[in-house]
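Here are the chains, one letter per residue:
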Amino acid sequence: MTETAFLIGGGQLHRLVGEHGETPSCPDAKFKRGSIVKVRRNKAVGHFPPELIVLAVIPPGFSPDDALADLVGEPRPFMKRAGVKVVTYILCDAGDTKPYLCRERELLPSGKPAVEIGTVSRENA
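Residues numbered from 1 in each chain as written. Predicted model: local features only at pLDDT ≥ 70, side-chain atom pairs only at ≥ 80, totals over all residues. Heavy atoms only, no water.

K.L.:
Any chance you could explain the pattern of salt bridges here in plain terms?
P.N.:
Between side chains of opposite charge, a pair can form as their charged atoms come close. The full count for this structure, using the stated rule, is 5 salt bridges. A salt bridge links Lys80 to Asp66; the nearest nitrogen and oxygen atoms lie 3.1 Å apart. One end of the pair, Lys80, is in the loop between α1 (64-72) and β5 (88-92); the other, Asp66, is in helix α1, and 14 residues separate them in sequence. For Asp66, a relative accessible area of 7% puts it in the buried group. We note a salt bridge from Asp70 to Arg76, for which the minimum N-O separation is 2.8 Å. Using a relative accessible area of 10% as the deciding quantity, one classes Arg76 as buried. (Salt bridge = Lys/Arg side-chain N within 4 Å of Asp/Glu carboxyl O. Helix = DSSP H or I, 4+ residues; strand = E, 2+ residues; numbered from the N terminus. Buried < 20%, exposed > 50% of the residue type's maximum accessible area, 1.4 Å probe, protein only.)

K.L.:
Would you mind going over the nonpolar core with me for this structure?
P.N.:
Looking at soluble globular proteins, one finds that nonpolar side chains tend to be buried together. Core analysis: the biggest nonpolar cluster contains 16 residues, and Tyr89, Leu91 and Leu107 have the highest contact counts within it. The set of elements that each furnish at least two residues to this core consists of β3 (36-39), β4 (51-58), β5 and β6 (100-103). Among the elements that make up this core, the one with the highest residue count is β4 (3 residues). Contacts of Leu91, omitting those with residues within four sequence positions, involve Val37, Leu52, Ile53, Val54, Leu55, Lys98, Pro99, Tyr100, Cys102 and Leu107. Within the second largest apolar cluster, 11 residues are counted, among which are Ile58, Phe62, Leu71 and Ile90. (Core = buried A, V, L, I, M, F, W, Y, C linked by side-chain atoms within 4.5 Å. Contact = heavy atoms within 4.5 Å.)

Below you can see the structure in the form of structure tokens.
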């Protein structure tokens, strides 16, 4: 889904498209892309699948909406959530198209070896 806005005025029409970018690296993150992690069974994320795969690491203060757009190669959205003060992750379950967003404190190591992740794209519904 490409977010586009139009600015109309003075007899002219201007099309505005969000910028493309790359999510900054986060060397202090506990998990890396491809890590298999366990999800804590608490109120905040207890309804998530018990194991997930890390797709992207989001550094503190960076918008998760920008990180998701960067991950799937789309322009960054104009309207987005603000980043939080801690490391967060975009995760997925094998065979599921829904992305999950978790803070680092809600994840535990699974002890399983990391998997290799190729390209990620958004499924059109």
